[in-house]
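Observations on chain architecture
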Amino acid sequence: MSFEVLRNSKFILVSVVYLSLFLDNILLTVVVPIIPDYLYTLEGNATVDAETDENGRVGFLLSSKALVQLVLNPVIGSLTGTLGYARPLLIGSVNLLLAALLFAFGQSYEVLFLARSIQGVSSACIGVSGMSLVASRYSEEEKRSKIMGFVLGSIALGVLLGYPIGSILYDLSGKTAPLLLVSVAIVFLIFFQLAALDFHTIKQKTEPRTNWMYLLSDKKIIIVSGAIWSSTSAMAILEPCLPLWLMTHVKPKKWQLGTVFIPDSIGYLVGTNFFGMVAYRIGRYKTAIFAMLLVGVSAILVPLATTMSQLVIPHLGMGLGIGIADAALVPLLASLVDQEDGYGPVYSLQQVAVSLAYSLGPIIGGEMVREIGFAWVMWVVGIVNIAYCPLLGYLASKDGKPLAQDGRKDYDAVQKPTTKYERFYDSDDTL
């Protein structure tokens, strides 16, 4: 099998993007149970006051990734016009390897902070270029919805596996082992990308209309990006605020604190994998309205729980709602710029929405909890998501029939593969 055939395979392309996003999110979460304990042990803090300083430093370290990614997302989106989509994906993976190695061997706060910041660079490259690659190769709306939902599931899978891998291997063999394991997987990913991606062909746009001014003047793109921000913010605010509330009101065991977010990841995995096609068939805006209602109701139910078991349903609902919203809205963004053929900028805007949620959400949420309490914060989050639904309803009413609402075009004339190798490796049936 030649590299040419390998690089023409949609199945291989999807596998590369899936693995890239998966490992990015594995590294994102594998360090979360490691860093606080490692820094506390390294610096020999023993008093309660010292531990409370330490919490601030750890929070700043962990949030640095989202802040760097927030700044770089627009830059990467613009660079895809000259570099293409494959090169930023490779650059992101190389930076991901560097971050993993720095985490593995770093023995000071400054080095670990640098590692987390470098991952912000890699996440910006992987998130923007990865989704753009998939959008550019799947021009048929139905297939695009299915495949993009599947690819988004890699995020949930990485988050779901990262926490236990980090905590178990750290407990058994220390900090270096889990991070070296991730580093080896990233090395494999880089060689996979070098073999499977086309780094030479860069499609030049004749009319580069998809710039930031164009995107920010399109009300559909702004409302869709706002919906992604609003639904994601629910989880971004919940993650740092819930554990302290649980310890104060529910008093769970330590192992329960580590498992409380598992239903969210499972819900997101189900939502992204199984609702992409549903959203396409019944209407993406209508599906997103249902998803945001589910997120809103789930957020309102969270502070009503009095036991850990009562949190399972609202957590599952919140993860499912966010997953369904992403499965409906992320492919829709590609449809909204299809005529301009500029997927990099629009997916950089989508990543800005996510990064904004995860960078500002914990800060704003923490301050609001201090002022009005955890319960009111979650109720406000729920109400905001529910109140956002009329904006999506407005877009749905403007676009008419469900199957025509996303600007779907006729792609029946797409050229079919001709050789037996291309027919096999370009097949979408395996996905």
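Residues numbered from 1 in each chain as written. Predicted model: local features only at pLDDT ≥ 70, side-chain atom pairs only at ≥ 80, totals over all residues. Heavy atoms only, no water.

As a further point, take the overall build of the chain. Counting secondary structure elements, the chain contains 18 helices and zero strands. Among the 431 residues that make up the chain, the fraction classed as buried is 52%. A separation of at least 24 residues holds for 86% of the contacts in the chain among residues at least 6 apart in sequence. Total accessible area computed for the chain in this model is approximately 18900 Å², and 67% of it derives from carbon and sulfur atoms. (Helix = DSSP H or I, 4+ residues; strand = E, 2+ residues; numbered from the N terminus. Buried < 20%, exposed > 50% of the residue type's maximum accessible area, 1.4 Å probe, protein only. Contact = heavy atoms within 4.5 Å. Areas by Shrake-Rupley, 256 points an atom, 1.4 Å probe, with all protein chains shown as cover.)

With that settled, consider the side chain of His 315. Relative to the elements of secondary structure, His 315 occurs in helix H15 (residues 312-336). Among the polar contacts listed, one links the side chain of His 315 to the side chain of Asp 264, at a separation of 2.5 Å. Leaving out residues up to four positions away in the same chain, His 315 has contacts with Leu 238, Leu 242, Val 260, Phe 261, Pro 263 and Asp 264. (Polar contact = N/O pair within 3.5 Å; in protein donor to acceptor, adjacent residues only side chain to side chain.)

Before going further, it helps to examine the packing of helix H10 (residues 219-249) against helix H16 (residues 343-372). It is at 7 Å that the axes of H10 and H16 come closest, and there the two elements cross at 40°. The orientation of H10 relative to H16 falls into the category oblique. Helix-helix and strand crossings are classified by hand; for H10 and H16 the assignment is right-handed. Partitioning the contact of H10 with H16 into residue classes produces 17 nonpolar, seven polar and one charged. (Axes fitted to C-alpha atoms, helices over the stretch in contact; angles between N-to-C directions. Parallel < 35°, antiparallel > 145°, perpendicular 65-115°, else oblique. Left-handed = near helix turned anticlockwise from the far one by under 90°. Nonpolar A, V, L, I, M, F, W, Y, C, P; charged D, E, K, R; others polar.)

Under the counting rule described, the total for this entry stands at four salt bridges. Glu 141 is the partner of Arg 284 in a salt bridge, and the nearest nitrogen-oxygen pair spans 2.8 Å. Here Arg 284 is found in helix H14 (residues 284-301), whereas its partner Glu 141 is found in helix H7 (residues 141-173), with 143 residues between them in sequence. An identical accessibility class is assigned to Arg 284 and Glu 141; each is buried. For Glu 367, the salt bridge goes to Arg 370, with nearest N and O atoms at 2.8 Å. Separated by three residues within a single helix, Glu 367 and Arg 370 lie in helix H16, roughly one turn from each other. Each of the salt bridges in this network shares a partner with another, and the network as a whole consists of Glu 141, Arg 144 and Arg 284. (Salt bridge = Lys/Arg side-chain N within 4 Å of Asp/Glu carboxyl O.)

Of all residues in the chain, 84% attain a pLDDT of 70 or more, and the chain-wide mean is 82. Confidence drops under a pLDDT of 50 for residues 46-52, and excluding neighbours within four residues, the segment shows four contacts in the predicted structure. For the stretch residues 204-209, pLDDT sits under 50, and the model shows eight contacts to residues farther than four places along the chain or on other chains. (pLDDT = per-residue confidence, 0-100.)

All right, on to the environment of Val 31 then. Along the chain, Val 31 turns up in the loop between helix H2 (10-30) and helix H3 (35-42). With 131 residues separating them along the chain, Val 31 and Gly 162 place their C-alpha atoms 8.1 Å apart. Other than its neighbours up to four places away in sequence, Val 31 contacts Pro 36, Phe 103, Arg 116 and Leu 179.

This part is about H3. Listed as buried for H3 are Ile 35, Tyr 38 and Leu 39. Projected down its long axis, H3 shows its buried positions confined to an angular sector of 95°, all on one face. (Arc of directions from axis to C-beta.)

The final tally for this structure, using the stated rule, is five aromatic pairs. Over the ring of Tyr 38 we find Lys 175, and its NZ or CZ is 4.9 Å from the ring centre. (Phe/Tyr/Trp six-rings, centres within 6.5 Å; stacked < 30°, edge-to-face > 60°. Lys NZ or Arg CZ within 6 Å of the ring centre and 35° of its normal.)

Judged by nonpolar contacts, the single largest core of 109 residues is most densely connected at Leu 27, Leu 238, Leu 242, Met 318, Tyr 347 and Leu 392. Among the elements that take part in this core, H10 stands out by supplying 13 residues, more than any other. Look past the residues within four positions of Met 318 in its chain and what remains in contact with it is Ala 234, Met 235, Leu 238, Asp 264, Val 295, Ser 298, Ala 299, Val 302 and Met 378. (Core = buried A, V, L, I, M, F, W, Y, C linked by side-chain atoms within 4.5 Å.)

Residue position: Val 30 is located in helix H2. Here Val 30 falls in the buried class, since its relative accessible area comes to 0%. For the pair Val 30 and Tyr 163, spaced 133 residues apart in the sequence, the C-alpha separation amounts to 5.1 Å. Beyond its immediate chain neighbours, meaning those up to four positions away, Val 30 contacts Gly 162, Ile 165, Gly 166, Pro 178, Leu 179 and Val 182.

Attention now moves to a nonpolar patch on the surface. Taken together, the side chains of Ile 262, Ile 266, Val 270, Phe 274 and Leu 316 make up a nonpolar region of the molecular surface, amounting to roughly 410 Å² of accessible area. Among the elements that line the nonpolar patch, the one with the most residues is helix H12 (residues 262-274), at four residues. The class of Ile 262 is partly exposed, set by a relative accessible area of 35%. (Patch = residues over 30% accessible without salt bridge, like charges linked within 9 Å, V, L, I, M, F, W, Y side chains within 5 Å.)

Before going further, it helps to examine the packing of H7 against H15. Two measures define how a pair of helices packs: the angle their axes make with one another and the distance between the axes. For the pair H7 and H15, the least separation of the axes is 9 Å and the interaxial angle reads 130°. Our classification of the angle between H7 and H15 gives oblique. Seen along the crossing, H7 lies across H15 with a hand that is right-handed. Where H7 approaches H15, its residues Glu 141, Arg 144, Ser 145, Met 148 and Leu 152 are matched on the opposing element by Asp 326, Ala 327, Val 330, Pro 331, Ala 334 and Ser 335. The class makeup of the residues in the contact of H7 with H15 is six nonpolar, two polar and three charged.

Bringing the environment of Ala 387 into the picture now. Relative to the elements of secondary structure, Ala 387 occurs in helix H17 (residues 374-399). On the accessibility criterion, Ala 387 (52% relative accessible area) is exposed.

Turning to the side chain of Ser 265, a few remarks are in order. Among the secondary structure elements, Ser 265 is positioned in helix H12. You can call Ser 265 buried: its relative accessible area is 10%. In this structure Ser 265 touches Ala 156, Val 159 and Leu 160, once residues within four positions along its chain are discounted.

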